[in-house]
Amino acid sequence: MADALTVIPAGVLRNLADKLYEKRKNAALEVEGIVKQLTTAGDHDKITAVINLLTTEFTYSPQANHRKGGLIGLAAATVGLTSEAAQHLEQIVPPVLDSFSDQDSRVRYYACEALYNIAKVVRGDFIIFFNQIFDALCKLSADSDANVQSAAHLLDRLVKQDIVTESDQFSIEEFIPLLRERMNVLNPYVRQFLVGWITVLDSVPDIDMLGFLPDFLDGLFNMLSDSSHEIRQQADSALSEFLQEIKNSPSVDYGRMAEILVQRAASLDEFTRLTAITWINEFVKLGGDQLVPYYADILGAILPCISDKEEKIRVVARETNEELRAIKADPAEGFDVGAILSIARRQLSSEWEATRIEALHWISNLLNRHRTEVLTYLNDIFDTLLEALSDPSDKVVLLVLEVHACIAKDPQHFRQLVVFLVHNFRVDNSLLEKRGALIIRRLCVLLDAERVYRELSTILEGELDLDFASIMVQALNLILLTSSELSDLRDLLKQSLVSPSGKNLFVSLYASWCHSPMAIISLCLLSQTYQHASTVIQSLVEEDINVKFLVQLDKLIRLLETPIFAYLRLQLLEPGRHMWLLKALYGLLMLLPQQSAAFKILRTRLKTVPSYSFSGEQPRRTSSGNSYQILQHMSSGSQVTEDGDINQDNKSSHHGINFTERLQQFEQMQQQHRQHAKVQAQSRINSTSSPMQQDVQRPEELIRSSSDVNRPPSRSRRGPGQLQL
């Protein structure tokens, strides 16, 4: 200290702490000259003493003007040292760096100015303090004082362009941790500062920033949603440059970056999502085997984006999805079938139809390629697939059915599927009403109609919920009678009296069709077992002929006029050979109210029946021309078998079908339905007679309801799945 005082005059030291800048500047110039002389003389001890004096008495002084003078003095001393400055940097630079955090903004400004001048002198030797300088500059870039920011910006540009880029001692390995720690800072000035450094370092040929990209990639993506357009633009520019480098680089760590991209693809910011999905698209094309372990995560990012509200994102996501699905990865190579299935199952719960559809495409694709592996995970996805049958989208339901059909190639899975379907229809009547036909028809196409109907019949035969069983059978019967997909099944049933396979199908369906009188009658008309149809009609009792029955009958009469029953109408041209058909139709006519449209339709049809019957080869007309008289004439003599041929020996079993036993089966089932209806009626009577109900119902309503004729307890309940035209 004493040496320094002898070297530097007291007046210079006094001016160095003056409040006027000009005096401090002139004093600094004198310090520069003194240090230059000492350097020429090689007296480094005195130089050290001068630097210590400037540090202890000035830069660390409680007086702001002293600190300002100390900073300008240190810069002047460095200039005076010229080429000898490097050996004194350990004394000069730390006090200046400490001044960057000074409370006085002017002191911080002069610190930037001082360090700028020091850096210009020492150049490459300055690199040893790079980490501390970078940290200080990062803080100053967000300084509250605009002048300090401006000064820091000048210093930053000098350090980047003239020191780091030209130094062979810069360590990127030491720099990356500093960068990574600050990448998630939200301050816009700091973000600009960081992007600037990333861009500059990436432009240096000897620095491999691409190898460290995973360390700061997430931070760059985070900046894409910044409120500042300039920062978003700078981050996007940097990312575009890195993506181009990735395309041209033979070695890239796709895995770590894929994890970041997957997270960013779910960002709330549209631009961030678009950039992330664009990167994923390129990664899928370039990544190859490296990405196999990440396919599930990538798929989890792509599927939601397929339904994005932004069209550009949807387009890129769909393209990426197709690229990913086209890759034929093998489980032996790390392809995780279970993880892909888990993602697809999760996306089946998406609120977006397009995403659910693509998830099903993935499951279907995996079933086709890796069926064995998929079936090992079946317990994890089967319930979700079954629940998807209730999806509000028809497209989704059809795809789910295709997946189920593929799974149901195995018998145990087939039965499980049909059982669940019946269960779903039972607990959700609207599903049967709105989607029943769609589901059943599609299953019949995918899994063979006969197999599906046999399984459904087996399940419904033992159904305990009689109301549901009746509704379900009516729905199945309607589909059978009207769907083009079931034309082969109808053709087989028409051969029930001549073909063993037709007979077996008839018997199989008969057991469950007994739940509905009209379904049985329809089945008999379809299978041309007309005598049994007539017998069933005559077996009906008062309780069976209710409003629901008449509604079903009305619809059946209208169905008889459709092309599906053209064969039946043509058989009426030969009433002598098909007397039981005529009798069955007259039986239906007698059940219809005369004022109903169905009565008029059927009566009009029967009036067109030729008024003659076959006896041998010649037609014989009756005197009245009435077809019902033909019916009386034939029934008084010979007997007619199920197919209409005249036969004196009418047996209870015909072509292997025991119709007596079938009739007993039908009557027993109908008896169960009647008992069930009585129980329901009694239950309703008990509930309506409660005190709360008595206050609500008026006496005249009770009188009117008790006077209804042929109104069964279940009349007011019109379930879904009833026959519809």
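Residues numbered from 1 in each chain as written. Predicted model: local features only at pLDDT ≥ 70, side-chain atom pairs only at ≥ 80, totals over all residues. Heavy atoms only, no water.

**Examining the overall build of the protein**
(1) Moving on: Within the protein, the secondary structure is distributed over 38 helices and four strands.
(2) Moving on: Residues counted as buried form 52% of the 725 residues belonging to the protein.
(3) Moving on: Across the protein, contacts joining residues at least 24 apart in sequence account for 70% of those joining residues at least 6 apart.
(4) Moving on: Accessible area for the protein stands at about 33,400 Å²; split by element, carbon and sulfur atoms hold 48% of it. (Helix = DSSP H or I, 4+ residues; strand = E, 2+ residues; numbered from the N terminus. Buried < 20%, exposed > 50% of the residue type's maximum accessible area, 1.4 Å probe, protein only. Contact = heavy atoms within 4.5 Å. Areas by Shrake-Rupley, 256 points an atom, 1.4 Å probe, with all protein chains shown as cover.)

**Remarks on a negative patch on the surface**
(1) Moving on: On the surface, D289, D330, E333 and E373 cluster together into a negatively charged patch.
(2) Moving on: Inspection of the secondary structure assignment puts D289 in the loop between α15 (270–286) and α16 (295–305).
(3) Moving on: Classification of D289 by relative accessible area gives exposed; the value is 67%. (Patch = residues over 30% accessible without salt bridge, like charges linked within 9 Å, V, L, I, M, F, W, Y side chains within 5 Å. Salt bridge = Lys/Arg side-chain N within 4 Å of Asp/Glu carboxyl O. Lys, Arg positive; Asp, Glu negative; His and termini not counted. Charge placed at Lys NZ, Arg CZ, Asp CG, Glu CD.)

**Description of helix α10 (residues 172–182)**
(1) Moving on: Here α10 has its buried residues at I172, F175, I176, L178, L179 and R182. Projected down its long axis, α10 shows its buried positions confined to an angular sector of 165°, all on one face. For α10, the exposed residues lying more than 90 degrees away from the buried face are E173 and E181.
(2) Moving on: Of the surrounding secondary structure, the elements contacted by the buried residues of α10 are α8 (130–140), α11 (188–203) and α12 (213–223). (Arc of directions from axis to C-beta.)

**Section: the packing of aromatic side chains**
(1) Moving on: Under the criterion given, the structure shown has 21 aromatic pairs.
(2) Moving on: Here W279 and F283 contribute two aromatic rings whose centre-to-centre distance is 6.0 Å and whose plane-to-plane angle is 50°, an arrangement assigned as tilted. Residue W279 and its partner F283 are both found in helix α15; the two are separated by four residues, about one turn of the helix.
(3) Moving on: A relative accessible area of 2% means that W279 is categorised as buried.
(4) Moving on: Overall, the relative accessible area of 1% leaves F283 in the buried class.
(5) Moving on: Put simply, the rings of F130, F134, F170, F175, F193 and W197 touch in pairs and so form one group of aromatic residues.
(6) Moving on: R106 extends its terminal NZ or CZ atom over the ring of Y109, reaching a point 4.7 Å from the ring centre.
(7) Moving on: When the ring centre of F414 is taken as reference, the NZ or CZ atom of R451 above it lies at 3.8 Å. (Phe/Tyr/Trp six-rings, centres within 6.5 Å; stacked < 30°, edge-to-face > 60°. Lys NZ or Arg CZ within 6 Å of the ring centre and 35° of its normal.)

**Some details on the pattern of salt bridges**
(1) Moving on: Enumeration over the complete set of coordinates arrives at 33 salt bridges.
(2) Moving on: For K494, the salt bridge identified is with D491, shortest N-O distance 3.8 Å. You can see K494 and its partner D491 sitting in helix α27 (residues 487–494), three residues apart, about one turn around the helix.
(3) Moving on: Among the ionic contacts, a cluster of salt bridges with common partners joins D135, K139, E181 and R182.

**Observations regarding the environment of S101**
(1) Moving on: Structurally, S101 is set in the loop between α6 (89–99) and α7 (105–122).
(2) Moving on: As for S101 and K139, which are separated by 38 residues in sequence, their C-alpha atoms are 8.8 Å apart.
(3) Moving on: Looking at S101, its side chain comes within polar contact range of the main-chain oxygen of D98, at 3.0 Å. (Polar contact = N/O pair within 3.5 Å; in protein donor to acceptor, adjacent residues only side chain to side chain.)

**Here we look at the confidence of the model for the protein**
(1) Moving on: With 88% of its residues at a pLDDT of at least 70, the protein reaches an overall mean of 84.
(2) Moving on: Ignoring residues within four places in sequence, the model shows residues 614–652, a span with pLDDT below 50, making 74 contacts including any to other chains.
(3) Moving on: For residues 691–725, every residue scores under 50 in pLDDT, and the model assigns this stretch 49 contacts once sequence neighbours within four places are set aside. (pLDDT = per-residue confidence, 0-100.)

**Points about unusual backbone geometry**
(1) Moving on: Positive phi values are uncommon outside glycine, yet T82 reaches one of about 50°.
(2) Moving on: Note on placement: T82 falls in the loop between α5 (64–81) and α6.
(3) Moving on: Overall, T82 belongs to the partly exposed group, its relative accessible area being 41%.
(4) Moving on: Its identity as a non-glycine residue notwithstanding, Q528 has a phi of 65°, on the positive side.

**Comments concerning helix α34 (residues 597–607)**
(1) Moving on: Of all the positions in α34, only A598, F599, L602 and L606 are classed as buried. Seen along its axis, α34 keeps its buried residues to an arc of 100°; they face one direction.

**Overview of the nonpolar core**
(1) Moving on: By size, the foremost hydrophobic cluster in this structure holds 240 residues, and its most contacted members are F216, W279 and Y453.
(2) Moving on: Element by element, the count of residues in this core is highest for helix α33 (residues 579–591), at ten residues.
(3) Moving on: Contacts of Y453, omitting those with residues within four sequence positions, involve I440, C444, L476, I479, L480, L486, L489, L509 and W513. (Core = buried A, V, L, I, M, F, W, Y, C linked by side-chain atoms within 4.5 Å.)

**Examining the environment of S430**
(1) Moving on: Position of S430 among the secondary structure elements: in helix α24 (residues 429–447).
(2) Moving on: Residues S430 and S390 lie 40 residues apart in sequence; the distance between their C-alpha atoms is 9.7 Å.

**Side note on the packing of α12 against helix α13 (residues 229–248)**
(1) Moving on: For the pair α12 and α13, the least separation of the axes is 9 Å and the interaxial angle reads 145°. When you trace α12 past α13, the crossing you get is left-handed. Together, L213, F216, L217, L220, F221 and M223 of α12 and I231, R232, A235, A238, L239, F242 and I246 of α13 make up the contact between the two elements.
(2) Moving on: Residues that form the contact of α12 with α13 fall into these classes: twelve nonpolar, no polar and one charged. (Axes fitted to C-alpha atoms, helices over the stretch in contact; angles between N-to-C directions. Left-handed = near helix turned anticlockwise from the far one by under 90°. Nonpolar A, V, L, I, M, F, W, Y, C, P; charged D, E, K, R; others polar.)

**Quick word on the side chain of S527**
(1) Moving on: Checked against the element boundaries, S527 lands in helix α29 (residues 517–527).
(2) Moving on: On the accessibility criterion, S527 (0% relative accessible area) is buried.
(3) Moving on: Within the local environment of S527, its side chain forms a polar contact with the backbone oxygen of C524, the two atoms lying 3.3 Å apart.
(4) Moving on: The residues contacting S527, other than those within four sequence positions of it, are L493, K494, S496, L497 and F506.

**With respect to the packing of α7 against helix α9 (residues 146–164)**
(1) Moving on: Where α7 contacts α9, the axes come no closer than 9 Å and their chain directions differ by 20°. Regarding the angle of α7 to α9, the classification is roughly parallel. The hand of the α7/α9 crossing is left-handed. Seen from α7, the contacting residues are S105, R106, R108, Y109, C112, L115, Y116, A119 and K120; seen from α9, they are N147, V148, A151, A152, L154, L155, L158 and I163.
(2) Moving on: Classifying every residue of the contact of α7 with α9 by side-chain character gives twelve nonpolar, two polar and three charged. (Parallel < 35°, antiparallel > 145°, perpendicular 65-115°, else oblique.)

**Thoughts on the environment of V121**
(1) Moving on: Looking at the secondary structure, you find V121 in helix α7.
(2) Moving on: For the pair V121 and A86, spaced 35 residues apart in the sequence, the C-alpha separation amounts to 9.2 Å.
(3) Moving on: Those residues in contact with V121 that sit more than four places away from it in its chain are T78, V79, T82 and A85.

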